[in-house]
Structure formats: structure tokens, C-alpha cells
Amino acid sequence: RGGPKNLPIAEVLVDDDDCPENSKQKHKPKLVLLGSGWGSVAILKTLNPEDYHVTVVSPVNYFLFTPMLPSATVGTLELRSLVEPIRRIVSRAKGHFLKAEAVDVELSEKLLEVAQTNAQGEECHFYLPYDKLVLGVGATTNPHGVKGLENCHFLKDIEDARLIRNKVMQNLEQACMPTTSDEERRRLLSFVVSGGGPTGVEFAAELFDMLNEDLGRSFPKILRNEISVHVIQSRGHILNTYDEALSKFAEARFAHDQVEVLTNSRVKEVQKDKILFSQKDEKGETVTKELPMGFCLWSTGVAQTELCKRIADKIDVQTNKHALETDTHLRLNGAPLGSVYAIGDCSTVQNNVADHLVHFLRSMAWEKGKDPEKMEITFPEWRDVAQRVKKRFPQAADHLRRLDKLFEQYDKDQNGTLDFGELHELLLQIDSKITSLPATAQRAHQQGQYLGRKLNKLAQAAPGMMVNEVDYGDLDEAVYKAFEYHHLGSLAYIGNSAVFDFNGLSFSGGLMAVYLWRSVYFAQSVSLRTRMLLAMDWSKRALFGRDMMN
Ligand code: FAD
Ligand code: MG
Ligand code: MG
Ligand code: MG
Ligand code: MG
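Treat the numbers as computed from the prediction; the structure is a model and nothing was measured.

**Overview of the overall build of the protein**
On a plain count of helices and strands, the protein comes out with 19 helices and 23 strands. Every one of the 550 residues in the protein was classed for burial, and the buried ones make up 53%. Relative to all contacts within the protein whose residues are 6 or more apart in sequence, the contacts with residues 24 or more apart total 67%. Put simply, the protein shows about 25800 Å² of open surface, and 51% of that area lies on carbon and sulfur atoms.

Laid out in C-alpha cells, this is it:
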């Protein structure tokens with residue numbers, strides 16, 4: 001026992017002495033990965049087995065292929081096909097798995113507090129020591145402080161998809177009852193999606209396809225006329241964070257399909273049988289409306305998990321309310337250097353271009369014996385500065401293409417030099433453009449891969465360094481470059497909207513296209529088992545339609 005809370009400390013795991021192979025790893029640096037999602041799996045698949053004593057901690061023992069989750073809600077795909085047992089992935093990396101939840105971290109003692117429910121149904125806590133900890137715990141649904149969310153469904157996990165599937169079927173069955181009134185039938189068949197982001201849009205599209213393609217085969221045709229699908233979106237457009245073309249395409253398809261899109265609308269309360277929302281009309285006046293509904297999906301963005309909130313509270317420099325901030329080497333800001341990393345949806349990379357540059361300018365001025373505040377930067381000097389920014393913040397490269405244009409634009413007094421204020425302004429503007437990375441599988445996968453590679457390098461460069469509690473300086477920067485995000489485009493994200501482009505093409509043609517678009521990370525993340533299951537689901541679906549049952 002030990003640590004601040006005097007809990008049992010798990011120095012040795014059950015299978016550590018299992019076989020000669022395992023006992024070899026026993027004394028390697030302890031690498032603990034939290035979560036079994038996109039980020040963690042990408043690390044596991046990149047890591048050299050045997051360099052670390054690896055332990056994965058996650059409350060679920062599977063990896064979920066989230067991009068296909070909306071398809072599972074209506075039976076296009078089977079739920080089993082979307083998950084992969086995490087133990088199989090972990091054991092290939094010669095790691096250990098604990099099905100438990102991380103609840104707290106003692107940063108200075110390097111102890112992770114883990115909670116698990118024992119056979120008696122009691123919750124017990126213990127400490128898991130680490131040398132390196134990776135937070136890949138994702139995010140949770142954002143309630144936005146709206147009342148009545150217990151009347152909503154969510155779509156984050158496999159269990160959510162199961163519940164949605166059951167509810168949709170239950171409503172269809174109930175609509176067929178002789179005792180159901182016409183009004184009640186219309187309510188049961190009114191499906192509302194709150195949130196016009198990718199998850200909401202894909203779900204609405206899947207639902208609509210199912211109702212259109214398979215309902216008539218198994219249910220009374222008359223139901224089709226009574227069904228309505230509504231998307232409530234707070235902004236002016238759905239998919240507003242994506243390319244305008246994609247957003248327009250989705251809106252056009254929904255208009256054609258008679259999926260009602262309610263823009264500039266905010267949900268105020270969700271009741272058992274109706275949803276209350278306010279809508280801004282053309283004149284900018286707000287009116288309150290209500291919509292009877294039999295099903296509501298809540299998909300209005302993500303919020304921080306309890307664990308991440310707790311960690312942020314412990315660290316003064318963590319002030320972002322939405323995500324844990326890391327430096328460009330993905331190290332958690334404010335934690336002992338090189339001991340904690342954060343990747344995926346739970347994290348954001350803080351750039352601080354401006355801060356970094358102010359530092360740089362100060363030393364530049366100091367070398368020249370000048371006062372930085374009074375410095376005038378000429379164009380060649382600006383080129384050097386930009387070069388430096390690019391090297392340190394690769395994501396900024398895109399915004400530093402036209403150096404002459406930028407120089408002209410920010411040289412407000414047009415005297416051919418940038419003074420300190422002007423340069424600062426310019427850098428702040430670039431900083432603001434590159435701060436947020438999208439909460440996508442694409443990003444989590446890239447970050448996981450990056451970290452896996454770096455961990456391999458670190459183990460090579462200084463084997464055992466993390467075992468001794470020595471200050472090994474900025475080893476991360478010494479052995480590996482900063483993280484650079486490669487945006488693969490929204491099409492690699494959006495499934496059904498991508499299929500929108502394939503109007504007229506066959507079902508399998510459309511899905512093949514999605515499959516290919518996603519193959520960028522699909523192939524690396526999903527095993528042959530899963531790919532075969534998906535292929536079987538798609539063939540079955542093409543031949544026989546969806547199974548209309550719970
Ligand atoms: P996750 O993959 O969410 O993994 C988090 C893991 O941490 C889970 O295993 C969870 O159980 C575990 N965990 C949580 N709390 C704890 C704790 N306290 N201790 C230990 N473990 C914990 N992105 C795309 O790029 N393309 C798409 O088409 C796409 N479609 C999507 C569709 C849906 C329906 C959803 C919900 C998301 C979709 N996304 C898509 C987004 C993508 O799934 C996320 O960005 C991605 O999962 C983030 O990866 P992650 O590793 O950060 O977190
Ligand atoms: Mg993860
Ligand atoms: Mg997941
Ligand atoms: Mg804080
Ligand atoms: Mg000037």
C-alpha cells in the first residue's frame with residue numbers, strides 16, 4: 001500500500017511471471033495506456049513489443065469502429081462486426097489488459113488510481129504505477145444544460161446502438177397495433193435528431209434509408225406516409241464545420257428525401273412525447289415551438305470526461321474547458337516532462353505560436369543589443385521568423401505560404417517593416433487558425449501512430465531511462481520531431497454524405513466508395529476478422545435487406 005490515499009499498489013500483474021517472455025518485460029519501463037479506442041489502438045499497433053511493460057486500462061474490452069456505428073443502429077451492419085476484442089490487440093503487443101476505469105492520477109508519484117468492481121459488487125480502488133502514461137479516454141456527450149435528456153438516445157457506444165435499434169423497432173411495432181390512434185401513430189413515427197453534425201446527419205440518413213428501403217417489405221405500406229424525420233440544428237446549416245459543398249449536398253439530399261431540417265433552432269427541453277425548441281425566424285425573432293416525437297437522438301457535440309476534468313483541476317496551466325492541452329510533442333502541459341501524454345478526443349495541441357515567438361524575438365533583439373518592443377523587422381528577417389515558426393509548428397505551414405502577402409497585409413503603416421505590435425498581431429491570427437484539431441478518428445489514429453513511433457525511439461535511445469527517476473531533460477525533442485496533423489479531407493470522415501455523390505449508383509458501389517475513402521486508416525485499424533464480418537453484412541444486406549427485428 002501507499003501513495004497519498006494509502007491504496008494497494010499493483011507492482012506486479014497476474015501474468016507477469018506467467019512465462020519466461022512475460023518475466024522479461026517485468027522490469028521494462030511501465031507504459032500505461034488509458035482507453036481502448038482509436039488512439040490507444042494506433043499506439044498498440046505501432047509499438048515494438050518488448051520495449052515496455054505495457055498495460056491497457058479501459059472499462060470496455062473491445063475496440064469500436066465508430067465510423068460505422070450509425071449503420072448499426074438500423075441493422076445495415078451487425079453490432080458484432082463493428083467491435084474487435086481488445087485483448088487480441090493487446091496480446092500481440094505483449095501487453096496486459098485491465099477491464100477497469102481510471103479515476104485519478106497522482107502526477108508526482110506517478111500512480112494511476114484505478115477503480116474496479118469486485119465479485120461482491122463492491123467498488124475497489126488501487127494504484128497502478130507508471131513510468132509513462134497515455135491518456136486516450138475520448139470524450140462524453142455534451143448535455144448543454146438541457147432538461148429531459150433522460151428521454152433521449154445517444155450514439156457513442158455499441159450499447160447505445162443496440163438501444164436505438166430496439167427503440168426504432170418497438171415504435172414501428174407499436175404503430176401497427178389496432179389500439180393505436182392515428183395521432184399516436186404519427187407521434188411514434190416522428191424521429192428527431194438533435195444536432196446537425198456528422199453523427200446526427202449520418203444517423204438521419206441511415207434511418208431514412210432503412211425506412212425507405214426495407215419498411216415496405218415487412219411492414220404495412222401505409223406506415224411510410226406517416227413517418228417523419230427531423231434534424232434540429234442550432235446553426236444556419238448542417239455539417240457547418242465541413243466544406244460548404246458537402247454541407248449543401250447534404251441539405252439538398254435531405255430536402256429531396258423529405259427529411260426536415262430545422263436550422264437556427266435550439267432545443268430547450270425534451271419531454272417523454274415531445275421536444276420543445278426555439279427557432280429564429282427570418283426577422284431574427286425567436287419563437288418557441290414543439291414537435292411531437294417518438295424517438296430523439298441527442299448528438300450535439302462532445303464534452304470532457306470526469307477523469308480529464310479532475311486532471312485539469314489539478315494542474316494550474318490547464319485552463320481549457322473542452323480538452324486537456326498538450327505541447328506539440330503531445331505531452332500533457334503541466335505534468336512532469338515526458339511522463340504523461342494525451343491523444344485523441346480528450347486532448348488538444350496548444351501551439352502558443354505567439355508566446356514562442358515573443359521569446360524568440362526577445363533573444364534576437366538581445367543578440368543585436370536592441371529593445372524588442374522597438375524592433376523593426378524587415379522582409380528577410382520575417383522570412384527567417386516564418387521559417388522558424390514552420391519548423392516548430394508544422395501545422396502552421398499552410399498559413400505561411402504567401403509570406404509577402406502576409407507581410408504587406410500586416411504592415412499597417414506601410415513603412416516596409418513590421419514593428420513588434422504588427423508582428424504579434426500576425427502571429428496571433430495564425431495561432432488562432434491552428435489551435436483546434438478536429439475530434440475525429442483520423443486525428444486520434446495519427447496521434448497514436450506518432451506516439452507509438454516516438455516511444456519506440458525513446459526506448460532505443462535510452463533503454464531503462466524511465467526506470468531510474470532521473471531527470472532526462474527534453475529527450476522527446478531530441479529523439480523525435482513534433483506532431484504534425486495531416487488533414488485527409490472531410491470525405492474521409494463523412495460516410496453517407498460521400499455516398500450522396502453516388503446518386504444512381506448501386507448500393508455496393510456507394511459503400512465501396514466509402515470503404516475506399518476510409519481505407520486510409522481502416523486497413524491499419526481493423527483486423528481481417530472485422531473486415532470479413534463487414535463484407536458478410538454488406539452482402540447479406542444487398543441480397544436480403546435488413547433484418548427488421550430487435
Ligand atoms: P475513443 O475512441 O472514444 O476511445 C476512448 C476510450 O477510452 C474508450 O475505450 C473508453 O471506453 C475509454 N475510457 C473512457 N473513460 C475511461 C477511463 N476513465 N479510464 C479508462 N478508459 C476510459 N471519426 C472519423 O474520423 N470518421 C468517422 O466517420 C467518424 N464517425 C463517428 C461516428 C460516431 C457515431 C461517433 C460517436 C464518432 C465518430 N467519429 C468519427 C469520431 C471518432 O470516433 C473519435 O474522434 C475517436 O473515437 C476518438 O478516439 P479516442 O481514442 O480519442 O477516443
Ligand atoms: Mg483511445
Ligand atoms: Mg472507441
Ligand atoms: Mg486547471
Ligand atoms: Mg510597419
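That shown, we press on.
**Side note on the coordination of the magnesium ion (ligand 4)**
Coordination of the magnesium ion (ligand 4) by the protein comes from Ala 312 (O), Ile 315 (O) and Gln 318 (O), over a distance range of 2.3 to 2.5 Å. Of note, the magnesium ion (ligand 4) draws all its donor residues from one chain, in the sequence arrangement A-x2-I-x2-Q. Taken individually, Ala 312 and Gln 318 each receive the classification buried, so the pair is uniform in this respect.

**A word on the sheet that holds strand S5 (residues 96-99)**
The strand order across the open sheet built from five strands is S5-S2-S1-S9-S20, with neighbouring strands paired in parallel fashion. Every other strand in the sheet has two partners, leaving S5 and strand S20 (340-342) as the edge strands with one partner each. In this sheet, adjacent strand axes meet at a mean angle of 20 degrees when their direction is disregarded. As paired elements, strand S2 (residues 53-58) and S5 share four bridges and run parallel to each other. Opposite Val 56, over in S5, you have Phe 97 as the bridge partner. Seen against the sheet, helix H2 (residues 38-46) touches strand S1 (30-34), S2 and strand S9 (132-135) and runs at an angle of roughly 145 degrees to S1.

**Remarks on the sheet that holds strand S8 (residues 123-129)**
Strand order across the open sheet formed by three strands is S6-S7-S8, with antiparallel pairing between neighbours. Two strands close off the open sheet at either side, each with one partner strand: strand S6 (101-106) and S8. When the angles between neighbouring strand axes are averaged without regard to direction, this sheet yields 25 degrees. Taken together, the five bridges between S6 and strand S7 (residues 111-117) define a ladder with antiparallel strand orientation. Looking at S7, one finds that Glu 106 is bridged to Leu 111.

**Comments concerning the pairing of strand S12 (residues 228-232)**
Looking down a regular strand, the side chains alternate between one sheet face and the other. Counted residue by residue, S12 has four buried out of five residues, so it is predominantly covered. Where strand S11 (residues 190-194) and S12 come together, five bridges link them in parallel fashion. Paired with Val 192 across the bridge in S12 is His 230. Two strands pair when backbone bridges link them, and S12 and strand S13 (residues 259-262) are joined in this way by four bridges, in the parallel orientation. In the sheet register, Val 229 faces S13, and the bridge partner there is Val 259.

**Section: the packing of aromatic side chains**
Each aromatic ring pair is described using two quantities: the centre-to-centre distance and the angle formed by the ring planes. In total, this model carries seven aromatic pairs according to the counting rule given. Ring centres 5.3 Å apart and planes at 50 degrees place the aromatic pair Trp 38 and Phe 65 in the tilted group. Placement of the pair is Trp 38 in helix H2 and Phe 65 in the loop between strand S3 (62-64) and helix H3 (69-72), with a sequence separation of 27 residues. Ring geometry for Tyr 450 and Tyr 480: centres 5.4 Å apart, planes at 40 degrees, overall tilted. Pair noted here: Tyr 450 is in helix H15 (residues 441-461) and Tyr 480 is in the loop between helix H16 (475-479) and helix H17 (496-500), with a separation of 30 residues, a long-range link. Residue class for Tyr 450 comes out buried when judged on its relative accessible area of 5%. Taken together, the aromatic side chains of Trp 38, Phe 63 and Phe 65 make up a single cluster linked through ring pairs.

**A word on the nonpolar core**
Formed by 80 residues in total, the largest nonpolar core has its most connected members in Leu 44, Leu 82, Leu 172, Leu 207 and Leu 211. No other element matches the eight residues that helix H7 (residues 198-213) contributes to this core. Each residue touching Leu 82, except ones within four places of it in the same chain, is listed here: Phe 63, Leu 64, Phe 65, Met 68, Leu 69, Ala 72, Leu 77, Ile 158 and Leu 534. The next biggest cluster of nonpolar side chains, apart from the first, holds 27 residues, and it includes Val 57, Val 105, Leu 332 and Val 340.

**A look at the pattern of salt bridges**
With the rule as written, the count across this model stands at 20 salt bridges. Note that Lys 314 and Glu 106 form a salt bridge whose closest N and O atoms lie 3.7 Å from each other. Of the two residues, Lys 314 is situated in helix H10 (residues 306-314) and Glu 106 in strand S6; the sequence distance between them amounts to 208 residues. The exposure class assigned to Lys 314 is partly exposed, which follows from its relative accessible area of 36%. Notably, a salt bridge pairs Arg 185 with Glu 226, separated by 3.9 Å at the nearest N-O pair. Taken together, the residues span a long stretch of sequence, with Arg 185 in helix H6 (residues 182-188) and Glu 226 in the loop between helix H8 (215-218) and S12 at a distance of 41 residues. The pair formed by Arg 185 and Glu 226 is uniform in burial state, with each residue classed as buried.

**Describing the packing of H2 against H15**
Here H2 crosses H15 at 35 degrees, and the two axes come no closer than 7 Å. In this structure, the crossing between H2 and H15 has a hand that is right-handed. Counting all contacts with H2, which are made through Trp 38, Gly 39, Ala 42, Ile 43 and Thr 46, the residues of H15 involved are Ala 441, Ala 444, His 445, Gly 448, Gln 449, Leu 451, Gly 452, Arg 453, Leu 455 and Asn 456. Residue composition of the contact of H2 with H15, grouped by class: seven nonpolar, seven polar and one charged.

**Digging into H15**
Every α-helical turn comprises 3.6 residues, leaving residues that sit three or four positions apart pointing alike. Taking 1.5 Å per residue as the helical rise, H15 with its 21 residues ought to reach 30 Å, and the 30 Å between its terminal C-alpha atoms agrees with that figure. With respect to burial, H15 is a largely interior element, 17 of its 21 residues being buried.

**Quick notes on H10**
Those residues of H10 lying buried are Leu 307, Cys 308, Ile 311 and Ala 312. Considered in projection along H10, the buried side chains sweep an arc of 130 degrees and stay on one side of the axis. Residues of H10 that are exposed and point over 90 degrees away from its buried face: Glu 306 and Asp 313. Tucked inside the fold, the buried residues of H10 contact S1, S6, S9 and strand S19 (324-326).

The rules behind these values
- Residues numbered from 1 in each chain as written.
- Chains lettered and ligands numbered in written order.
- Predicted model: local features only at pLDDT ≥ 70, side-chain atom pairs only at ≥ 80, totals over all residues.
- Heavy atoms only, no water.
- Helix = DSSP H or I, 4+ residues; strand = E, 2+ residues; numbered from the N terminus.
- Buried < 20%, exposed > 50% of the residue type's maximum accessible area, 1.4 Å probe, protein only.
- Contact = heavy atoms within 4.5 Å.
- Areas by Shrake-Rupley, 256 points an atom, 1.4 Å probe, with all protein chains shown as cover.
- Donors = N, O, S within 2.8 Å, 3.2 Å for Na, K, Ca; no water.
- Pairing = 2+ DSSP bridges.
- Axes fitted to C-alpha atoms, helices over the stretch in contact; angles between N-to-C directions.
- Phe/Tyr/Trp six-rings, centres within 6.5 Å; stacked < 30°, edge-to-face > 60°.
- Core = buried A, V, L, I, M, F, W, Y, C linked by side-chain atoms within 4.5 Å.
- Salt bridge = Lys/Arg side-chain N within 4 Å of Asp/Glu carboxyl O.
- Left-handed = near helix turned anticlockwise from the far one by under 90°.
- Nonpolar A, V, L, I, M, F, W, Y, C, P; charged D, E, K, R; others polar.
- Expected span 1.5 Å × (residues − 1).
- Arc of directions from axis to C-beta.

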